Structure formats: C-alpha cells, structure tokens
Amino acid sequence: MIALSINLNKIALLRNSREGNYPDLLKHAKICIDAGVNGITVHPRPDQRHIRPNDVRQLSQLVTPLSSVEFNVEGNPFADARGDYPGFIELVEETMPDQCTLVPDVDDQLTSDHGFDLFQTGEKLRPIIQRLQQKACVSACLWTEIRQIEQAKLIGADRIELYTGPYAAAQNDEVLFQSLLHQHREAASYATKIGLGVNAGHDLNLNNLPHYATIPGLQEVSIGHALTVDAIEMGLVTAVQTYLSLLHEAECWHEPTN
C-alpha cells in the first residue's frame, strides 16, 4: 500500500498564533498514529513559522520507537543556524529521522513551490546527501523531468519526491490535468527503473489523490494542508482514515483479477 505521511506544519502554525501549546502538536501526532498513518512529516524552517526545533526533537522521541511509523524531516539543506534554530543538517543529525527530504525553499516563500534544478545544485548536494545518509534515507524534491531524475541517481539520492503542485492546480483543466498525470507516471516509472524510491507531495487532496494514487511504483504521499482542512469538517481521525481508505482502494485497483 502507498504510505500516508501526515505533515503537521499547519497544526503547528495554528498553535503559534497564540501563546502556549494549544493545539498540542504531540497529541495530534498521536491521534494520527493511532488512526493508522504510516508516517509523520515536519518541515522546520529557520523562521520557525510553524514547526520549531523542539517539535522535531519531541516528535523524534515519539515516533522513533515505533517500527510501523516513519519520521520524515524535510527542509532546505542549505539553511544555516539562526538563533535557536541549529541549522537543517545539524537538526537532522541530532534527531535521526527515518527519512530526510531535501526541499529548495527559502524564507520568503509562502510554501514550497518547486523542485531542485540538480544541474545547478547537484554537486553542492552530493556531499550533503552522503553526510545525511549516515542518519537517514535521503529524498530530493524534483520536477518530473527525466534528466533531473537521472541526476538525482548520480548524486546518490535514495528517493525522489515528485512535486505535485502544478498537477493539483490543473484540477479544473482536464486536458492539462491528464497531461501532467501522464508526466508523473513516466517520471515514477523511470525512477523505479533506475532504482530510486518514489514519493510525492504538495496540494494532494481527496479530489486529485484518487487519480494520482494509481501511479505504479508510488511508495509514499505526504499530505498536510488539505488533510488539516478536511479535519475541520470531518474530524481528524475520520479525515486520516478517509485518506487511508482511498489509498487502499488504489492498491486494490492495481491488483490483478483472476
């Protein structure tokens, strides 16, 4: 089954809008875990707009002992120390997540909005990937271009995370939507062929995920914003279970019939 990793950033963002610890991030992580998620994802930024370094430390202590749940820390590998933010690489090395997803974001982005151009940054990333692989499986956020996927393999990444923003934005344009879905299918197929794991994320939701989840070789999706919004309407447990059910249905769709 395609793994569902829940991104807790928006829970932390809501907490940070007031003093105190409400909503409690760890409590909500436990709710997601008890509801059956396969992973917990956080994206600590230097400006600490949502996930803070201590959140990463506490979540690591919660998730690491659980063999059935993956802890994924994503972020900009070039983010250096600032105040009590120790630097992205240093935070990963301290907390030792199961997976580390490298994302080319900067402070003035509202959210992650593109993948790496590995022809520009690949050689800078190579030693970082080698360093982080001492602590975690390393994934790089990419567009669907085959040549970028080839570069990810060459610089030593374990997985890629296909950036699904444009695909999600094309929901109301059927021709473009199907074209982008085809591109993602081709990218995932090629990545699998050359030995890379395939993850995906950004703006996946209950409307566009059923199509995306039919992509062969897809191992994991990371969902945060949409699931948080759905949780407001249907409750967190029901929202998580709805996404899990959808992914299970996609898996059954792939199973051969006798």
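Described in the following lines is the structure provided in the data block. Note that the structure is predicted; figures quoted are calculated from it, not measured.

Once that is clear, we can look at the nonpolar core. Among soluble globular proteins, nonpolar side chains are generally buried collectively. Among the nonpolar cores identified, the biggest contains 74 residues, and Ile 40 and Tyr 212 are the most heavily contacted of them. Ranked by the residues each element gives to this core, the list is headed by helix H11 (residues 236-254), at eight residues. When neighbours within four sequence positions are excluded, Ile 40 is seen to be in contact with Ser 5, Ile 6, Leu 8, Ala 29, Cys 32, Ile 33, Val 63, Val 69, Glu 70, Phe 71 and Asn 72.

Considered for burial, the residues of helix H4 (residues 88-95) that qualify are Phe 88, Ile 89, Leu 91, Val 92 and Thr 95. For H4, the angular spread of the buried residues around the axis is 165°, confining them to a single face. Close packing links the buried residues of H4 with helix H3 (53-63), strand S3 (70-75), strand S4 (99-102) and helix H5 (118-132). Directly beyond the C-terminal end of H4, a positive phi value near 50° is found at Met 96.

Our focus in this paragraph is empty space enclosed by the protein. Scanning all chains against the criterion turns up one cavity of 30 Å³ or more. Computed from the structure, the largest cavity encloses a volume of approximately 40 Å³. As for the largest cavity, its lining consists of Ile 6, Asn 7, Leu 8, Ile 11, Cys 32, Leu 227, Thr 228 and Leu 236. Going through the elements one at a time, strand S1 (3-7) and helix H10 (225-234) are the ones with two or more residues in the lining of the largest cavity. Its residues placed into classes, the lining of the largest cavity shows six nonpolar, two polar and no charged.

With that settled, consider the sheet that holds S1. Read around the closed barrel, eight strands run S1-S2-S3-S4-S5-S6-S7-S8, paired in parallel fashion. Looking at each pair of strands side by side, their axes are set apart by 25° on average, direction ignored. Judged from the four bridges that link them, S3 and S4 form a sheet pairing that is parallel. Across the sheet, residue Glu 74 finds its bridge partner in S4, namely Thr 101. Packing against the sheet, H3 makes contact with strand S2 (39-42) and S3, and its axis sits at approximately 160° to S3.

Once that is clear, we can look at the environment of Val 138. The topology assignment puts Val 138 in strand S5 (residues 137-142). Each C-alpha atom, one on Val 138 and one on Gln 99, is 5.8 Å from the other, the two residues being 39 residues apart in sequence. With near-sequence residues (within four places) excluded, Val 138 lies in contact with Cys 100, Leu 102, Ile 129, Leu 132, Gln 133, Ala 157, Asp 158 and Arg 159.

Attention shifts here to the state of the cysteines. This model, assessed by the stated rule, comprises zero disulfides. Counting only cysteine sulfurs, Cys 100 is the nearest neighbor of Cys 141, a cysteine outside any disulfide, at a range of 12 Å.

Once that is clear, we can look at the side chain of Glu 74. Secondary-structure assignment places Glu 74 in strand S3. Despite its burial, Glu 74 remains without a salt bridge, the nearest opposite charge being carried by Arg 45 at 6.6 Å. Of note is the side chain of Glu 74, whose polar atom sits 3.0 Å from the side chain of His 43. With sequence-adjacent residues up to four places away left out, Glu 74 is seen in contact with Asn 7, Thr 41, Val 42, His 43, Pro 44, Phe 88, Thr 101, Val 103 and Glu 161.

Before going further, it helps to spend a moment on the pairing of S1. With respect to burial, S1 is a largely interior element, five of its five residues being buried. Judged by which residues are buried, S1 turns out to be covered on both faces: Ala 3, Ser 5 and Asn 7 on one side and Leu 4 and Ile 6 on the other are all buried. When S1 meets strand S8 (residues 220-223), the two strands line up parallel, connected through four bridges. Its bridge partner lying in S8, Ile 6 is registered against Ile 223. Looking at chain direction, S1 and S2 are connected through three bridges and run parallel. Residue Ile 6 lies in a different strand from S2, and its bridge partner there is Ile 40.

Counting buried positions along strand S7 (residues 197-201) yields five of five residues, so the element is predominantly enclosed. Of the two faces of S7, the one carrying Gly 197, Asn 199 and Gly 201 and the one carrying Val 198 and Ala 200 are both buried. Note: strand S6 (residues 159-163) against S7, five bridges, orientation parallel. Its bridge partner lying in S7, Glu 161 is registered against Asn 199. Here S7 pairs with S8 via three bridges, running parallel. Counted as the bridge partner of Ala 200 is Val 221 from S8.

Rules behind the numbers
- Residues numbered from 1 in each chain as written.
- Predicted model: local features only at pLDDT ≥ 70, side-chain atom pairs only at ≥ 80, totals over all residues.
- Heavy atoms only, no water.
- Core = buried A, V, L, I, M, F, W, Y, C linked by side-chain atoms within 4.5 Å.
- Buried < 20%, exposed > 50% of the residue type's maximum accessible area, 1.4 Å probe, protein only.
- Helix = DSSP H or I, 4+ residues; strand = E, 2+ residues; numbered from the N terminus.
- Contact = heavy atoms within 4.5 Å.
- Arc of directions from axis to C-beta.
- 1 Å grid on protein atoms, 1.4 Å probe; cavity = no way out; pocket = protein on both sides within 12 Å on 5 of 7 lines; lining within 4 Å.
- Points joined across faces, edges and corners; volume = space filled by probe spheres on them.
- Nonpolar A, V, L, I, M, F, W, Y, C, P; charged D, E, K, R; others polar.
- Pairing = 2+ DSSP bridges.
- Axes fitted to C-alpha atoms, helices over the stretch in contact; angles between N-to-C directions.
- Disulfide = S-S within 2.5 Å.
- Lys, Arg positive; Asp, Glu negative; His and termini not counted.
- Salt bridge = Lys/Arg side-chain N within 4 Å of Asp/Glu carboxyl O.
- Polar contact = N/O pair within 3.5 Å; in protein donor to acceptor, adjacent residues only side chain to side chain.

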